[in-house]
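The primary structure of each chain is shown beneath.
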Amino acid sequence: MGMKTFLVTGCAGFIGSNFVHYMLDKYPDVRLVNLDKLTYAGNLENLADLEGDARHTFVQGDIGDAALVAELLKTCDPDCVINFAAESHVDRSIKNPELFVQNNVEGTVNLLQRCKDAWYDAGAKTWKTGKKFLQVSTDEVYGALGPEGYFTESTPLCPHSPYSASKASADLFVMAFHDTYGMPVNITRCSNNYGPYQFPEKLIPLLINNAKQHKTLPVYGDGMQVRDWLYVMDHCKAIDMVARAGKVGEVYNIGGHNERPNLFIVKTVIAQLRERLGDEAISEALITHVTDRLGHDRRYGIDPTKIKNDLGWYPETPFEKGIVLTIDWYLGHEDWMAHVTSGDYQKYYEQMYKNR
Ligand code: NAD
Ligand code: DAU
């Protein structure tokens with residue numbers, strides 16, 4: 001019998017909402033209970049097309065709320081808890097690190113504790129069978145690479161930003177619960193995702209939104225930082241595979257050997273948008289180099305050998321295809337972009353980019 005019931009957190013955000021769509025498309029009899037606090041990054045519009053689908057239940061709340069999490073574990077009795085919920089933007093973490101400790105570290109520890117309460121018989125030192133806790137983590141916990149080499153699962157943790165430090169800290173707690181109590185866990189560490197529903201504080205949707213309006217395209221420093229880009233649905237597929245077949249206690253890196261310097265991404269978005277919209281004003285003249293991000297990691301690159309060999313996962317979407325799917329999605333969802341960039345987004349943009 002495969003897993004049927006999932007408590008998923010943070011699934012009104014970018015990757016989580018894609019994961020909900022992926023699971024409901026793939027499994028007719030799956031049940032997903034989605035706990036999300038609805039921060040600025042959480043958006044019920046990302047799930048609007050699922051209204052009326054009884055397989056998905058949305059609950060607004062905080063992963064740090066002990067009573068609420070305990071109640072949900074009791075009432076829905078999930079086979080697996082998948083924790084996507086987090087503050088996820090590096091630039092925001094540089095301005096407000098405490099928020100990242102609260103949500104990403106304390107929130108995760110609360111989820112672990114409540115799962116232990118629900119699943120662990122301390123007297124017998126046994127766990128209920130068929131349960132798992134999966135922590136969705138990031139390649140940023142490994143720190144930065146030089147021009148050569150890749151992150152493997154045994155690369156030492158060496159986070160640099162408050163965001164990555166909070167994710168590394170959460171990972172250590174997840175492993176501590178495994179090592180101390182025998183909790184059945186997995187951790188996934190993925191590279192940069194792109195695709196539909198990504199909030200336009202992140203590079204690719206920010207570029208699309210600005211370029212369409214002929215606004216400048218801010219490139220931090222020299223723009224030669226390298227990220228390993230993965231189409232979001234390939235990440236979702238990997239998470240599902242790890243939940244179902246990942247060996248308990250193991251970490252799996254997820255990435256597609258698709259390393260590109262930021263300037264390549266910027267130029268690709270410009271060229272694609274100009275062609276699709278037939279708008280010559282969308283040009284490289286919009287590129288503006290701005291002050292670099294503090295502590296900016298130079299290069300990330302994932303070695304995905306373990307997940308490929310152990311679980312048979314590989315990235316199915318080449319970047320050339322994924323970026324077209326992504327740009328077409330944003331062009332087809334102008335209302336979505338208009339809604340998420342109204343109000344507070346304008347203030348955020350001012351604070352982050354004015355005089356930079
Ligand atoms: P996101 O910012 O788009 O969404 C995060 C979601 O979590 C939002 O819906 C938000 O409301 C919710 N949330 C935040 N704090 C919460 C709390 N305390 N309780 C309940 N809900 C809360 O983030 P994303 O890009 O979708 O990332 C999801 C996860 O994947 C994160 O854990 C992130 O660290 C990880 N990750 C992201 C990437 C990427 O490229 N975006 C890559 C690797 C790993
Ligand atoms: O590697 C996985 C991580 O990828 C995830 O854990 C994070 O949640 C996710 O936000 C992402 O982090 P990055 O910092 O790499 O993503 P971001 O889109 O913010 O930036 C990508 C690169 O582009 C990075 O080198 C910074 C640069 N950048 C970003 C913005 C927003 C710019 O040059 N200009 C910009 O305006």
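The model shown is predicted, which means the values in this text are computed figures rather than measured ones.

With that out of the way, let us pick up the sheet that holds strand β2 (residues 31–36). Spatially, seven strands are ordered β3-β2-β1-β4-β7-β8-β13 in an open sheet, and the strand pairing comes out parallel. Strands with a single pairing partner mark the edges of an open sheet, and in this sheet they are β3 (56–60) and β13 (251–254). Going across the sheet, the axis of each strand differs from the next one's by a mean of 20°, ignoring polarity. Both strand β8 (residues 185–190) and β13 contribute to a ladder of four bridges, which runs parallel. In the strand pairing of β13, Ile187 is matched with Val251.

Quick look at the site of ligand 1 now. As a matter of local geometry, ligand 1 sits amid 28 residues, with Asp36, Ser88, Asn103, Tyr163 and Lys167 nearest to it. A distance of 3.1 Å separates a nitrogen atom of ligand 1 from a polar backbone atom of Lys37. Within the backbone of Ile63, a nitrogen or oxygen atom sits 3.0 Å from a nitrogen atom of ligand 1. For ligand 1, the protein covers 97% of the area, taking 840 Å² as the surface of the free molecule. If you list the elements that add at least two residues to the shell around ligand 1, you get α1 (14–26), β7 (132–138) and α5 (162–181). The element best represented in the shell around ligand 1 is β7, accounting for three residues.

This part takes up the site of ligand 2. Within the structure, ligand 2 sits among 23 residues, and Thr138, Asp139, Tyr163, Arg293 and Tyr353 are positioned closest to it. Ser88 places a main-chain nitrogen or oxygen 2.8 Å from an oxygen atom of ligand 2. When the free accessible area of ligand 2 is taken as 700 Å², the share hidden by the protein chains comes to 94%. Residue contributions to the shell around ligand 2 peak at three residues, all from strand β10 (residues 217–220). Its residues placed into classes, the shell around ligand 2 shows nine nonpolar, eight polar and six charged.

What follows is about the pattern of salt bridges. Side-chain pairing between opposite charges can occur once the charged atoms of the two side chains come close. Per the stated rule, a full pass over the model turns up 19 salt bridges. Of the charged contacts in the structure, one is a salt bridge between Lys212 and Glu334, with a shortest N-O distance of 2.7 Å. Of this pair, Lys212 sits in helix α6 (residues 203–212) while Glu334 is found in helix α11 (residues 334–340), placing the two residues 122 residues apart along the sequence. Take Lys212: its relative accessible area is 29%, and that puts it in the partly exposed class. As a salt-bridge pair, Glu316 and Lys237 come within 2.2 Å of each other at their nearest N and O atoms. You can see Glu316 sitting in the loop between α9 (305–311) and α10 (319–331) and its partner Lys237 sitting in helix α7 (residues 232–245), a full 79 residues away along the chain. A residue is classified by how much of its surface remains accessible, and Glu316, at 41% relative accessible area, is partly exposed.

A few words now on the packing of α1 against α7. Between two packed helices, the angle of one axis relative to the other and the distance separating the axes together describe the packing. Relative orientation of the contacting elements α1 and α7 amounts to 65°, with a least axis distance of 9 Å. Judged on the interaxial angle alone, α7 and α1 are roughly perpendicular. Regarding α1 and α7, the two cross each other, and that crossing is right-handed. Only Val232, Met233, His235, Cys236, Lys237, Ile239, Asp240 and Arg244 of α7 make contact with α1, whose side of the interface consists of Phe14, Ile15, Asn18, Phe19, His21, Tyr22, Met23 and Lys26. Partitioning the contact of α1 with α7 into residue classes produces nine nonpolar, three polar and four charged.

At a closest axis distance of 8 Å, the pairing of helix α4 (residues 97–119) and α5 adopts a crossing angle of 15°. By the angle between their directions, the pair α4 and α5 is classed as roughly parallel. Along this stretch, α4 crosses α5, giving a crossing that reads as right-handed. Between α4 and α5, the residues in contact are Pro97, Phe100, Asn104, Val105, Thr108, Val109, Leu112, Gln113 and Lys116 and Pro162, Tyr163, Ser166, Lys167, Ser169, Ala170, Phe173, Val174, Phe177 and Tyr181, respectively. Of the residues in the contact of α4 with α5, the class split is 12 nonpolar, five polar and two charged.

What counts as what
Residues numbered from 1 in each chain as written. Chains lettered and ligands numbered in written order. Predicted model: local features only at pLDDT ≥ 70, side-chain atom pairs only at ≥ 80, totals over all residues. Heavy atoms only, no water. Pairing = 2+ DSSP bridges. Helix = DSSP H or I, 4+ residues; strand = E, 2+ residues; numbered from the N terminus. Axes fitted to C-alpha atoms, helices over the stretch in contact; angles between N-to-C directions. Near = heavy atom within 4 Å. Polar contact = N/O pair within 3.5 Å; in protein donor to acceptor, adjacent residues only side chain to side chain. Areas by Shrake-Rupley, 256 points an atom, 1.4 Å probe, with all protein chains shown as cover. Nonpolar A, V, L, I, M, F, W, Y, C, P; charged D, E, K, R; others polar. Salt bridge = Lys/Arg side-chain N within 4 Å of Asp/Glu carboxyl O. Buried < 20%, exposed > 50% of the residue type's maximum accessible area, 1.4 Å probe, protein only. Parallel < 35°, antiparallel > 145°, perpendicular 65-115°, else oblique. Left-handed = near helix turned anticlockwise from the far one by under 90°. Contact = heavy atoms within 4.5 Å.

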